[in-house]
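# Summary of structural features
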Amino acid sequence: VDYIADVAEWMLSAHPKAQLVMIGPVGDCFGSYARAKLEALRDEGRFKESLFVYADFLIVPQELKLACDFCLMPSRDEPFGYVDIEFAWFGASIV
């Protein structure tokens, strides 16, 4: 997730219709880095309509799962989890 945080500003600037949603608790230093970087980007206000950051547990509404084209699971220590399955049930490709 730290790599995604590093390219988030470019991605949202280069692709104005893209939306980035980061949900889930921080479990390591990479997650802490990503949370800080993405929250700072969100707080700038430039991407308030396209960037959502919630670094804690959250029950993801079905509408969000249906709206996703893909789900990024950038875990360094969880090779496969329930989030992958949940989003795949709703048609999202898992990366």
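Keep in mind the model is a prediction, meaning the values are calculated, not measured.

This paragraph deals with the nonpolar core. L20, L38 and L51 are the most contacted members of the largest nonpolar core, which totals 13 residues. Broken down by secondary-structure element, the contributors of at least two residues to this core are α1 (2–14), β1 (20–23), α2 (29–44) and β2 (51–54). Element by element, the count of residues in this core is highest for α1, at four residues. Discounting residues that sit within four places of it in the chain, L38 has contacts with A5, A8, L20, M22, L51 and V53.

This part is about the packing of α1 against α2. Contact geometry of α1 with α2 gives a least axis separation of 8 Å together with a crossing angle of 20°. Comparing the axis directions of α1 and α2 gives the class roughly parallel. For the pair α1 and α2, the crossing hand works out as left-handed. Residues D2, A5, D6, A8 and E9 of α1 touch α2, and the partners they reach there are F30, Y33, A34, K37, L38 and L41. Residues belonging to the contact of α1 with α2 are distributed by class as follows: seven nonpolar, no polar and four charged.

Let us look at α2. Between the first and last C-alpha of α2 there are 23 Å, a value that for 16 residues agrees with the 22 Å anticipated at 1.5 Å per step. Contacts made by the buried residues of α2 are with α1, β1 and β2. Put simply, D28 is the residue that caps the front of α2, since its side-chain oxygen is 3.1 Å from the backbone nitrogen of F30. Immediately beyond the C-terminal end of α2, within one or two residues, lies G45, with a positive phi of roughly 95°.

Reading the values: rules and limits
Residues numbered from 1 in each chain as written. Predicted model: local features only at pLDDT ≥ 70, side-chain atom pairs only at ≥ 80, totals over all residues. Heavy atoms only, no water. Core = buried A, V, L, I, M, F, W, Y, C linked by side-chain atoms within 4.5 Å. Buried < 20%, exposed > 50% of the residue type's maximum accessible area, 1.4 Å probe, protein only. Helix = DSSP H or I, 4+ residues; strand = E, 2+ residues; numbered from the N terminus. Contact = heavy atoms within 4.5 Å. Axes fitted to C-alpha atoms, helices over the stretch in contact; angles between N-to-C directions. Parallel < 35°, antiparallel > 145°, perpendicular 65-115°, else oblique. Left-handed = near helix turned anticlockwise from the far one by under 90°. Nonpolar A, V, L, I, M, F, W, Y, C, P; charged D, E, K, R; others polar. Expected span 1.5 Å × (residues − 1). Polar contact = N/O pair within 3.5 Å; in protein donor to acceptor, adjacent residues only side chain to side chain.

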